[in-house]
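Geometric and topological summary
Listed here are the chains, written in short residue letters.
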Amino acid sequence: MPKLRLHEVERNQKKIEDAALRVFTRLGFHGTSVRDIAKESGVSIGNLYNYYRTKEEIFESIIARYETHMEKLRRKALGPIQGLFEPAELQRMAHVIREIVYDNPDYWRLMYIDITEFGNQHFAGTFRSLAKNMKERLGPQLEASTRTGVWNRGIDPALAFTAIYLQLFTYFLVEKLFGGKEHLGVSDDRAVTQLIKIATEGLWVSGGKGKQDTRRKEK
């Protein structure tokens, strides 16, 4: 292969990877052949092997490129946040999470392919020790957000924030990838508002649970 400039190599790799992504998300990893990728990209098989040794190397390169992009988006979702458990801040984060999910559907499809065909070999690291990683990233904000007399001291703030973060992602993933169509029975705005309200205020008003318990005893 003639010596190419770096930007030409990167351009050709992106062309091949974009084509491979289209085929992978249509046929799955094992259902896709190198010939399929070459045909989709308009690159000869011989030339394709100049860039990648195996089909899995293409798959891994796509994931690596996506992860770099997604990390930037995750940083946007998480910061700058001052009051981590303030409803307005969580609403802002929910809006960014919706954009992340809706604008990058193939990333999530790749994840499902990895789960079903590789046993989550390539994405497991994203979820391992998630609350710990969140605490390392947002430590000062978590501490500041819980420095109040009304915070429930029995709850781990890193765990609580991570649970909210994942719940918002789950909501929009069900809506976008699984065709949820308002699967909680209300609009996105209403659903997100309710999820945040549950997370920040709980289910019971002051004294409500006690009244519930009293009624049960009377029965």
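Report on the accompanying structure.

Each value, and the rule that gives it
- Residues numbered from 1 in each chain as written.
- Predicted model: local features only at pLDDT ≥ 70, side-chain atom pairs only at ≥ 80, totals over all residues.
- Heavy atoms only, no water.
- Helix = DSSP H or I, 4+ residues; strand = E, 2+ residues; numbered from the N terminus.
- Expected span 1.5 Å × (residues − 1).
- Buried < 20%, exposed > 50% of the residue type's maximum accessible area, 1.4 Å probe, protein only.
- Contact = heavy atoms within 4.5 Å.
- Core = buried A, V, L, I, M, F, W, Y, C linked by side-chain atoms within 4.5 Å.
- Phe/Tyr/Trp six-rings, centres within 6.5 Å; stacked < 30°, edge-to-face > 60°.
- Lys NZ or Arg CZ within 6 Å of the ring centre and 35° of its normal.
- Bend = angle between axes of the 7 residues up to and from the residue.
- Salt bridge = Lys/Arg side-chain N within 4 Å of Asp/Glu carboxyl O.

On to helix α5 (residues 87-103), then. When the terminal C-alpha atoms of α5 are compared, their 24 Å separation across 17 residues agrees well with the 24 Å that a helix rising 1.5 Å per residue should span. Among the residues making up α5, those that are buried are Glu89, Leu90, Met93, Ala94, Val96, Ile97, Ile100 and Val101. Packed against the buried residues of α5 are α4 (55-78), α6 (105-118), α9 (157-177) and α10 (188-201).

So, on to the nonpolar core. Core analysis: the biggest nonpolar cluster contains 56 residues, and Phe24, Met93, Ile97, Trp108 and Phe161 have the highest contact counts within it. With ten residues, α9 is the largest single contributor of residues to this core.

With that settled, consider the packing of aromatic side chains. A complete count under the given rule lists 15 aromatic pairs for this structure. With a centroid separation of 5.7 Å and 55° between ring planes, the pair formed by Trp108 and Phe169 is classed as tilted. A residue pair is termed long-range when its members are at least 10 positions apart, and Trp108 in helix α6 and Phe169 in helix α9 qualify at 61 residues. One exposure class covers both Trp108 and Phe169, and it is buried. Three or more aromatic residues joined by ring pairs make a cluster, and in this case those are Tyr66, Tyr107, Trp108, Phe123, Tyr165 and Phe169. The aromatic ring of Phe29 is capped on one face by Lys55, whose charged end is 4.3 Å from the ring centroid.

Its 16 residues place the ends of helix α8 (residues 130-145) only 19 Å apart at the C-alpha level, less than the 22 Å of an ideal helix rising 1.5 Å per residue. Along its length, α8 shows its largest kink, about 85°, at Leu138, and proline Pro140 lies within four residues downstream of that point. Residues of α8 that are buried include every one of Leu130, Met134, Leu138, Leu142 and Ser145, and no others. Buried residues in α8 make contact with α4, α7 (124-127) and α9.

What follows covers the pattern of salt bridges. Per the stated rule, a full pass over the model turns up 15 salt bridges. Linking Arg74 and Glu67 is a salt bridge whose minimum nitrogen-to-oxygen distance equals 3.0 Å. Each member of the pair Arg74 and Glu67 is classed as buried. Two residues, Lys76 and Glu99, come together in a salt bridge whose shortest N-O distance is 3.7 Å. Here the residue Lys76 occupies a position in helix α4, and Glu99 occupies one in helix α5, the gap between them amounting to 23 residues. For Lys76, a relative accessible area of 43% puts it in the partly exposed group.

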